[in-house]
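# Residue-level structural notes
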Amino acid sequence: MLPELSKLIDVQELDKVIREVTQELDRLPEELKAGEAALEELQAAHAARLQEVEDLKAQRRDTELEMADMEEGIKTSRQRLMEIKSNIEYKAMLKEIAFKEDQRDQRETRTLELMDLMETQNRLIAELNGQMAEQETLLERLRQEVAVESEKFKKELDQLEEKRKKLRKGVPAALMKRYEFIRQRRNGTAIAPVQEGVCLGCHMNILPQQFIDLQKGLEILQCPHCQRILYWSGEEEAEPEAGRA
Ligand SMILES: [Zn+2]
């Protein structure tokens with residue numbers, strides 16, 4: 001085999017590792033997304049509960065104001081009761097007072113209901129506070145883990161890139177360019193072995209004459225079907241790994 005081809009095979013192996021590490025690195029932020037979404041959901045629920053409490057407070061304030069007004073009205077009516085001489089008027093006024101008292105009692109009941117509702121909301125808010133704190137702790141731990149992993153992958157990538165730089169020195173620039181061109185179009189595999197006359201890049205037969213030339217190992221040949229650069233390493237030791245399309 002031409003020495004530059006064997007170097008190119010090494011470059012390709014390295015490129016596959018680089019690609020895998022890069023994908024791992026890119027995937028890391030995804031791991032945070034679910035945790036962040038869960039926290040956002042809790043925060044939204046928390047905000048909704050707080051708003052609900054504010055609404056209840058406003059309702060309670062209004063109801064209490066109405067109650068105070070009614071209390072005042074009842075007092076006035078009671079004072080007027082003293083001055084009434086006619087029996088009919090007196091009865092009518094009593095009726096009016098009873099009605100106002102009933103109205104006031106209804107407001108009082110409503111106030112108690114509102115306080116109950118607020119208590120329930122406040123309990124839920126406290127629960128949510130706990131859940132949010134838990135989720136934040138969890139997320140913080142996850143962020144740290146992701147940062148550590150990310151650092152590790154980046155270092156690994158730097159080392160791999162360094163190794164690649166050295167390796168590609170043994171490959172002529174034109175061949176390297178051809179390799180990159182094919183690699184981008186053939187899902188990372190630009191150089192493929194041939195076994196029994198079949199290109200393991202695309203699993204199609206190459207021309208018989210090409211196969212003979214390939215075995216001589218004097219020139220660089222490309223598959224007529226997938227354009228991958230071909231190599232022949234003997235029938236016994238063909239690498240099935242490189243056959244992935
Ligand atoms: Zn092919």
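Our subject is the structure that appears above.
Summarised in this report is the structure supplied together with it. (Residues numbered from 1 in each chain as written. Predicted model: local features only at pLDDT ≥ 70, side-chain atom pairs only at ≥ 80, totals over all residues. Heavy atoms only, no water.)

## Considerations on the pairing of strand 1 (residues 191–195)
Counting buried residues in strand 1 gives 4 out of 5 residues, a clear majority hidden from the surface. In this sheet, strand 2 (residues 198–199) lies alongside strand 1 in antiparallel orientation, the contact comprising 2 bridges. Bridge assignment links valine 194 to a residue of strand 2, and that residue is cysteine 199. (Buried < 20%, exposed > 50% of the residue type's maximum accessible area, 1.4 Å probe, protein only. Helix = DSSP H or I, 4+ residues; strand = E, 2+ residues; numbered from the N terminus. Pairing = 2+ DSSP bridges.)

## Structural notes on the coordination of the zinc ion
Those donors, Cys199 (SG), Cys202 (SG), Cys223 (SG) and Cys226 (SG), are the protein atoms that reach the zinc ion, and they lie 2.3 Å from it. Each of the 4 donor atoms bound to the zinc ion contributes to angles spanning 105 to 113°, and the resulting shape is tetrahedral. Donor residues for the zinc ion, ordered by position in the chain, follow C-x2-C-x20-C-x2-C. Highlighted residues: cysteine 199 in strand 2 and cysteine 223 in the loop between helix 4 (208–216) and strand 4 (229–231), separated in sequence by 24 residues. (Donors = N, O, S within 2.8 Å, 3.2 Å for Na, K, Ca; no water. Tetrahedral: all angles 85-135°; square planar, octahedral: opposite > 155°, others 65-115°.)

## A closer look at the sheet that holds strand 4
With mixed pairing, the 4 strands of this open sheet are ordered in space as 3-2-1-4. Every other strand in the sheet has two partners, leaving strand 3 (204–205) and strand 4 as the edge strands with one partner each.

## Brief notes about the nonpolar core
In this structure, Leu5, Leu8, Tyr179, Ile191 and Ile229 are the most contacted members of the largest nonpolar core, which totals 25 residues. Counting only elements with at least two residues in this core, the list comes to helix 1 (3–83), helix 2 (87–168), helix 3 (173–185) and strand 4. For this core, the element with the highest residue contribution is helix 1, accounting for 10 residues. When residues of this core are sorted by domain, at least three fall in each of domain 1 (15–168) and domain 2 (173–240). Ignoring any residue separated from it by four or fewer positions in sequence, one finds leucine 5 in contact with Ile191, Ile220, Ile229, Leu230 and Tyr231. (Core = buried A, V, L, I, M, F, W, Y, C linked by side-chain atoms within 4.5 Å. Domains from an automatic or database assignment. Contact = heavy atoms within 4.5 Å.)

## A word on helix 3
The terminal C-alpha atoms of helix 3 lie 19 Å apart, and with 13 residues this matches the ideal 18 Å at 1.5 Å per residue to within 8%. Listed in full, the buried residues belonging to helix 3 are Leu175, Met176, Tyr179 and Ile182. Mapping the buried residues of helix 3 onto a view down its axis gives an arc of 130°, with all of them on the same face. Exposed and oriented more than 90 degrees from the buried face of helix 3 are Ala173, Ala174, Lys177 and Gln184. Those residues of helix 3 that are buried lie in contact with helix 1, helix 2, strand 1 and strand 4. A positive backbone phi angle near 50° is found at asparagine 187, which sits one or two residues after helix 3. (Expected span 1.5 Å × (residues − 1). Arc of directions from axis to C-beta.)

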